[in-house]
Amino acid sequence: MRAAVAHKFKEPLKIEDVPTPEVGPHDVLVNIKACGVCHTDLHACHGDWPVKPTMPLIPGHEGVGVVTELGSQVTHLKKGSRVGIPFLYSACGYCDYCLEGNEVLCPDVVYGGYMVNGGYADYCLADARYVVEIPDGLSFIDAAPLFCAGVTTYKALKVSNTKPGDWVSIVGAGGLGHLAIQYARAMGLNVIAVDTGADVEKLCLDLGAEYFIDFMKEKPEEKIKKLISTGGVHAAICTAVSKAGFDSAYASTRRGGTMVLVGLPPDELPIPIFDTVLNGVTIVGSIVGTRKDLVECLEFGAQGKVKTNIEVRSLEEINQIFDQMEKNEITGRIVMDMT
Ligand code: NAD
Ligand code: ZN
Ligand code: ZN
């Protein structure tokens, strides 16, 4: 099968012919039809994070397609089932977190396209217990980004301690952030989007953000306090791949507000103890979402309430796509058509 393979950190991926994986008892083999390109894939190929992926690696955790083979123990799917393979590739199933239905915190969690091979290939192995079916009426191309960017931002909003009518800032309106705007609107929240560039500004306003702040032109934390009368946002959702974005998101949170950390730049964020204590600020880390979150988030897509701004490209263009991503030149999400 054809696959894009990373052999060394920071080196271009190679398009190669590799053996098609064989299914184990709980696996399915998925013929990948589309795969979104997440900034996490770039972090993986650069070795940006404290926990490094093992090379060689086939990245990709927004891979969606059709089940073509089933392991001996798989009974709830069939050949032809339309599924996606999320970043939460598998978990143990019996620790405290798994029992609570919070498998994202399982200590034995396996990340797809990071610890095991992912969707930048014609076929991808998946643990049948952790794939999620794509609702009818949602195309492979439209479904792909919801398997990471969608579920991650939907979940981040769920843990943001907000209610309809509250103000949220979406700091970083890229692949994740432009979906966050839509989930926030669907939840009845008022949105301030923070990013840079005229194309991104237009997209954010078209998607229903009340305001857009260009962080290259203005200080978002100062502007926000002038724009709204609540003394800051009830919650700041930070998806920016930049420490400056996190600093600004923190500074724009109102007293009693919540900052949700989603983006994963390879930096530290020294939080001021005094301000956090006196202002009663809640800091929450949010990692992807559970299978249940994913089912819910896909339903918004199926109902047309959330739609990714997609540029369709091919697997062969992956190195170019990574270059564009590094330079912040993408508006929305790039999805590779694998057919
Ligand atoms: P992306 O490249 O599509 O978007 C990032 C955006 O941040 C860009 O539009 C960029 O212009 C913007 N940005 C950069 N500096 C900024 C600043 N100072 N203020 C505001 N915006 C700024 O990336 P993506 O695919 O949306 O991923 C974003 C981050 O989220 C990555 O670090 C990725 O690894 C991480 N991520 C986390 C989870 C999770 O579960 N927590 C899941 C998926 C991705
Ligand atoms: Zn991702
Ligand atoms: Zn577990």
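Residues numbered from 1 in each chain as written. Chains lettered and ligands numbered in written order. Predicted model: local features only at pLDDT ≥ 70, side-chain atom pairs only at ≥ 80, totals over all residues. Heavy atoms only, no water.

A.B. asks: Describe the side chain of Asp166, naming the residues involved and giving the relevant values.
C.D. replies: Inspection of the secondary structure assignment puts Asp166 in the loop between helix H4 (149–158) and strand E10 (167–171). Judged by relative accessible area, which is 5%, Asp166 ranks as buried. From its side chain, Asp166 meets the backbone nitrogen of Lys163 in a polar contact 3.0 Å long. Beyond its immediate chain neighbours, meaning those up to four positions away, Asp166 contacts Asn161, Leu189, Asn190 and His234. (Helix = DSSP H or I, 4+ residues; strand = E, 2+ residues; numbered from the N terminus. Buried < 20%, exposed > 50% of the residue type's maximum accessible area, 1.4 Å probe, protein only. Polar contact = N/O pair within 3.5 Å; in protein donor to acceptor, adjacent residues only side chain to side chain. Contact = heavy atoms within 4.5 Å.)

A.B. asks: How would you summarise the coordination of the zinc ion (ligand 3) if you had to cite specific residues and measurements?
C.D. replies: Ligation of the zinc ion (ligand 3) by protein atoms is provided by Cys92 (SG), Cys95 (SG), Cys98 (SG) and Cys106 (SG), these donors lying 2.3 to 2.4 Å from the ion. One can describe the donor arrangement at the zinc ion (ligand 3) as tetrahedral, given that its four donor atoms subtend angles of 106 to 115° at the metal. Counting gaps between the donor residues of the zinc ion (ligand 3) yields the pattern C-x2-C-x2-C-x7-C. A relative accessible area of 12% means that Cys98 is categorised as buried. By relative accessible area, Cys106 is classed as buried at 3%. (Donors = N, O, S within 2.8 Å, 3.2 Å for Na, K, Ca; no water. Tetrahedral: all angles 85-135°; square planar, octahedral: opposite > 155°, others 65-115°.)

A.B. asks: Give me the site of ligand 1: which residues, what numbers.
C.D. replies: Among the 29 residues in the neighbourhood of ligand 1, the closest are listed as His39, Thr40, Asp195, Val288 and Arg333. Taking Leu176, its main chain carries an N or O atom lying 2.8 Å from an oxygen atom of ligand 1. Separating a nitrogen atom of ligand 1 from a backbone N or O atom of Val262 is a distance of 2.9 Å. Isolated, ligand 1 exposes 870 Å² of accessible area, and the fraction of that covered by the protein chains is 95%. (Near = heavy atom within 4 Å. Areas by Shrake-Rupley, 256 points an atom, 1.4 Å probe, with all protein chains shown as cover.)

A.B. asks: Summarise the coordination of the zinc ion (ligand 2); cite the residues concerned and give the values.
C.D. replies: Every protein donor of the zinc ion (ligand 2) is listed here as Cys38 (SG), His61 (NE2) and Cys148 (SG), and their distances to the metal cover 1.9 to 2.3 Å. Expressed as a motif, the donor residue spacing for the zinc ion (ligand 2) is C-x22-H-x86-C. Linking Cys38 in the loop between strand E3 (27–36) and helix H1 (39–46) with Cys148 in the loop between helix H3 (140–143) and H4, this pair joins segments that are 110 residues apart in sequence. The exposure class assigned to Cys148 is buried, which follows from its relative accessible area of 4%.

None of this, on its own, says anything about what the molecule does.
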